[in-house]
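# Geometric and topological summary
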Amino acid sequence: MAFKSKIKWVALFVLTLSLASLVAHLSMTKFSSMNLVQYSAKEALSHDFPNTGSPLKTRRNKRLWGAVRSLESLQPHANPRSSYPVPDENTNGFIYAKIFGGFEKIRSSICDLVTISRLLNATLVIPEIQQSTRSKGVSYKFKSFSYLYDEEQFIMLLKNDVNIVKSLPENLKAARRRSEFPTFKPKNSASPNFYVKEVLPNLKKAKVVGLIVTDGGCLKSILPPSMSEFQRLRCRVAFHALQFRPEIQILGLRMVERLRASGQPFLAYHPGLVRDTLAYHGCAELFQDVHTELIQYRRAQLIKQGIINDELSVDSHSRRENGSCPLMPEEVGLLLRALGYPSKTIIYLAGSKTFGGQRLLIPLRALFGNLVDRTTLCSKTELSDLVGPEAPLPADIFRLPLPKSEQQLIDQWKKAGPRPRPLPPPPDRPICQHEKEGWYAWILEKDKEPDPSPMEHRMQAHRLIWDALDYIVSVEADAFFPGFNNDGSGWPDFSGLVIGQRLYERASSRTYRPDRKTIAALFNITRDDLYHPKRDWMLSVKEHLNRSLSEDGFFRQSLLSKPNSFLSHPLPECSCRIPSVETTKQIKGKDGRIVLGGEEECPKWMELARAEGARNDDMESAEDDNDTVEQLEPDAVDATSSLTSLIDHDEEWDPND
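Residues numbered from 1 in each chain as written. Predicted model: local features only at pLDDT ≥ 70, side-chain atom pairs only at ≥ 80, totals over all residues. Heavy atoms only, no water.

## With respect to the overall build of the protein chain
Threshold: Put simply, DSSP marks the helices as runs of H or I at least four residues long and the strands as runs of E at least two long, and each gets a number from the N terminus on. Between buried and exposed lies partly exposed: a residue is buried under 20% and exposed over 50% of the maximum accessible area for its type, with that area taken using a 1.4 Å probe on protein chains only. Only the protein chains shown count as cover for residues, with accessible areas throughout obtained via the Shrake-Rupley method and a probe of 1.4 Å.
Of the regular secondary structure elements, the protein chain holds 24 helices and 16 strands. Counting every position in the protein chain, which comprises 657 residues, the buried fraction comes to 49%. Surface accessibility of the protein chain: about 34000 Å² in total, with carbon and sulfur atoms responsible for 54%.

## Here we look at empty space enclosed by the protein
Worth spelling out the cut-off: Space inside and on the surface of the protein is sampled on a 1 Å grid over the protein atoms alone, with a cavity defined as a set of points where a 1.4 Å probe fits but cannot get out and a pocket as an open set with protein on both sides within 12 Å along at least 5 of 7 lines; lining residues have an atom within 4 Å of a point. Grid points are joined across faces, edges and corners, and a volume is the space filled by probe spheres set on the points. When residues are grouped by polarity, Ala, Val, Leu, Ile, Met, Phe, Trp, Tyr, Cys and Pro land in nonpolar, Asp, Glu, Lys and Arg in charged, and all others, Gly among them, in polar.
Applying the stated rule across the entire model yields 4 cavities of 30 Å³ or more. Considering the residues around the largest cavity, the lining is formed by N486, D487, G488, W491, P492, D493, G496, L497, S561, N564, S565 and S568. Considering only residue class, the lining of the largest cavity consists of 3 nonpolar, 7 polar and 2 charged.

## Here's the deal with the packing of helix α16 (residues 380-387) against helix α19 (residues 454-476)
What counts is decided by this rule: All axes here are fitted lines through C-alpha atoms, helices being fitted over the stretch that makes contact, and every angle between N-to-C directions spans 0 to 180 degrees. Roughly parallel means an angle under 35 degrees; roughly antiparallel, over 145; roughly perpendicular, 65 to 115; everything else is oblique. By convention, the crossing between two helices is left-handed when the near helix turns anticlockwise from the far helix through less than a right angle, and right-handed when the turn is clockwise. The contact definition used throughout considers only heavy atoms, calling two residues in contact when any of these lie within 4.5 Å.
Running from N to C, α16 and α19 cross one another at 120 degrees; their axes reach a closest spacing of 10 Å. As the angle between them shows, α16 and α19 are arranged oblique. When the axes of α16 and α19 are compared, the crossing they make is right-handed. Mapping the contact onto sequence places L383, L386 and V387 in α16 and H462, I465, W466 and L469 in α19. Residue composition of the contact of α16 with α19, by class: 6 nonpolar, 1 polar and no charged.

## A word on the state of the cysteines
Each disulfide consists of one covalent bond between the sulfur atoms belonging to two cysteines. Counted only if it meets this: Note on terminology: pairs of cysteine sulfur atoms within 2.5 Å are recorded as disulfides.
Counting across every chain of the model gives 3 disulfides. One disulfide in the model links C235 with C574; its S-S distance is 1.9 Å. Between C235 and C574 the disulfide shows an S-S torsion of about 90 degrees. By sign, it is right-handed. Residue C235 is located in helix α8 (residues 228-241), and its partner C574 is located in the loop between α23 (551-561) and β13 (575-577); the two are separated by 339 residues in the primary sequence. As far as the burial class goes, C235 and C574 line up, both buried. For C576, the disulfide goes to C602, at an S-S distance of 2.0 Å. Note on the C576 and C602 pair: the S-S dihedral is about 95 degrees, so by sign convention the disulfide is right-handed. One end of the pair, C576, is in strand β13; the other, C602, is in the loop between β16 (600-601) and α24 (604-623), and 26 residues separate them in sequence. Summarising the burial analysis for this pair, C576 and C602 share the class buried. Numbered by position along the chain, the disulfide-linked cysteines of the protein chain connect as 1-4, 2-3, 5-6.

## A closer look at the pattern of salt bridges
Our working definition: The term salt bridge refers to a side-chain nitrogen of Lys or Arg lying within 4 Å of a carboxyl oxygen of Asp or Glu.
Evaluation of the coordinates by the stated rule reveals 22 salt bridges. In this structure, R245 engages E247 in a salt bridge whose closest nitrogen and oxygen atoms are separated by 3.5 Å. The class of R245 is buried, set by a relative accessible area of 4%. D310 is the salt-bridge partner of R319, the closest N and O atoms lying 2.6 Å from each other. Three or more residues are tied together by salt bridges with common partners; here these are R254, R258 and E382.

## Comments concerning the sheet that holds strand β10 (residues 371-372)
Pairing between sheet strands relies on hydrogen bonds along the backbone, with the strands arranged either parallel or antiparallel. Just so we agree on the cut-off: When DSSP finds at least two bridges between two strands, those strands are taken to pair.
With parallel pairing, 5 strands are arranged side by side in an open sheet as β10-β9-β8-β11-β12. Each edge of the open sheet carries a strand with a single partner, namely β10 and β12 (510-511).

## Some remarks on the confidence of the model for the protein chain
Note the cut-off: How sure the predictor is of each residue is captured by pLDDT, a score from 0 to 100.
The pLDDT averaged across the protein chain works out to 82; a share of 78% of its residues lies at or above 70. Here residues 52-56 is modelled with pLDDT under 50, and outside its nearest four sequence neighbours on either side it reaches 5 contacts, counting other chains as well. Overall, residues 620-657 carries pLDDT values under 50, and its contacts beyond four positions in sequence, including any with other chains, amount to 71 contacts.

## Some remarks on the packing of helix α21 (residues 516-525) against helix α22 (residues 535-549)
Their axes nearest at 11 Å, the elements α21 and α22 cross at an angle of 175 degrees. The angle between the axes of α21 and α22 places the two elements in the roughly antiparallel class. Facing α21, whose interface residues are T518, I519, L522, F523 and I525, α22 presents W537, S540, V541, H544 and L545. Residue composition of the contact of α21 with α22, by class: 7 nonpolar, 3 polar and no charged.

## Section: the packing of aromatic side chains
Inclusion rule: By convention, a stacked pair of Phe, Tyr or Trp rings (six-membered ring in the case of Trp) has centres within 6.5 Å and planes under 30 degrees apart, an edge-to-face pair has planes over 60 apart, and any other such pair is tilted.
Using the criterion set out here, one finds 17 aromatic pairs in the structure. On the basis of an interplanar angle of 90 degrees and a centroid distance of 5.9 Å, the ring pair of Y471 and F494 is categorised as edge-to-face. Here Y471, found in helix α19, pairs with F494, found in helix α20 (residues 494-505); they are 23 residues apart in sequence, far enough to count as distant. Of the residues examined, F494 reaches a relative accessible area of 4% and is grouped as buried. Relative to Y512, the ring of F481 has its centre 5.7 Å away and its plane inclined at 40 degrees; by these criteria the two rings are tilted. Linking F481 in strand β11 (residues 479-482) with Y512 in the loop between β12 and α21, this pair joins segments that are 31 residues apart in sequence. Neither residue differs from the other here; F481 and Y512 are each classed as buried. Three or more aromatic residues link up through ring pairs in this structure, and these residues are F103, F145, Y149, F154, F244, Y471 and F494.

## Quick notes on the pairing of β11
Test applied: Seen with its strands pointing away from the viewer, a crossover is right-handed if its path from the first strand over the helix to the second goes clockwise.
Because side chains alternate across β11, one face comprises the buried residues A479 and F481, and the other comprises F480 and P482, equally buried. The pairing of strand β8 (residues 266-270) with β11 spans 4 bridges and is parallel. When the sheet's bridge partners are listed, Y269 is paired in β11 with F481. In terms of strand pairing, β11 meets β12 through 2 bridges, oriented parallel. Residue pairing across strands places A479 opposite R510, the latter belonging to β12. With α20 bridging β11 and the parallel β12, this β-α-β connection has right-handed handedness.

Written out as structure tokens, the structure reads:
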């Protein structure tokens, strides 16, 4: 009995001690001054670069951040060159338009609509952006156009080019609601003759014509030389009149300031991983799990719609070797390291949504710790203020489908036919609950993708704003690297628009234009030793990417990108050349058009301004001529240093390399 009573006392003592420990921990949790905080890019950058906010100018490695000398003579010049009359108030009628698509399609389409209005001497009604209409659940503060762009600036800056009004006159609105006016759905390859012969007669007769734009444009990219003024009008629209609304501009420039607060340059990178584009080129097998099936499902839709005239299942790896598939984030990280960018380089990740999720970005984050995006540079309050006050929407409640019998599952498995790799689980393996949840849950239970929910519509509208912020940062970046542009789909792409604006504003800015076919061949050489490449391989990568910065990349960008989107290569129509010591020879493409060297000489006032700026640059560069090494970290001293330093700093090069 005495032994049992001792055990009871010991148990009571242990229980009391546990209770006291629990109370102590709860008290510490409640009253402790330590709070959990969200990751802050600003604090992380200040940790890597202690001199944050220092007024001293950081010395830059010219090999990584310097301007491209051969393109410095190109200057932006989109003003009219010849007689250019102001539009008459008595026009042939009104043109209203509905624009479908994402950020890049909207931007290209608006430029085409202004050009067509000038061509037909019509009054343009502010276009309706379907992605941001009230039916998508956006804030009541904005109309569709004003959700993204500044209406007043758009009208004012184009007053000498086109008559623009915010809406149709009251006596025509009711007729439009009754669909009494002719409507056209032009392709992005429509010629000026189509509008003169087909649309103009209807416009003069009905006084109102509607256009539905779905392909990212409604006018062919390359116009005849006699219409060069219309090309310059496109540049004035895209690079001057299409200004984001003030709230977006202010936050975008604030993000640039935060990236440069450390005194270090930064590089912007856009992966270009979009589901539609991946499906168009058949890049499904580069992904894993359910993402492969999601791409294949979208590809089947594009085939059914007649957009793709190809087979459903293709060899994605052969498409990758042809340059039709994107560079994966891991590959981009290895390329940047081969160029000599140190691991502390600040990289801004652009793109409102990356297909494949954060899993694909893990290798890039391992290579570059300072990989940031809008969510780490801005607070949630700053981002929510941009979208404005929104009415609450019903929550998307996940509903389990009706259970199927074992025989139904077996029959469905037998009738499914060939499936893309990897194969789905057989019916005898139960599917867990977590596998059925999420926006892609339908693919395990249904053959048809469900219609977007109200919340998904709203999120698509939000992505327009996120893309606008990323666009501002990418244009202002010290260097830009595209993961997927010139894809050949015929649609304008985000990276192409960024490259075009950087080329227009400052042609000498450091903008990489990699040839994915060449890069794929280089990676095939060292596929088994990605993180232990030979020195010759790194030199080949460095040579190719550096050549892509200048005339070689310039020429290739014009041949591949300009036929699809004029804004991706707005030269020579929208530029002029300041005479320099280095005279550039005229380079013509296969179609006979001048790709490089056909620019006119700049006006005298631009030459004087350029000369003044050149003197200031020479004074600054003279101080840094001997400072070609960036003081970031030791592994940046030699641009051809081994990537193995990320894994084993003591490993040396093989003498046989």
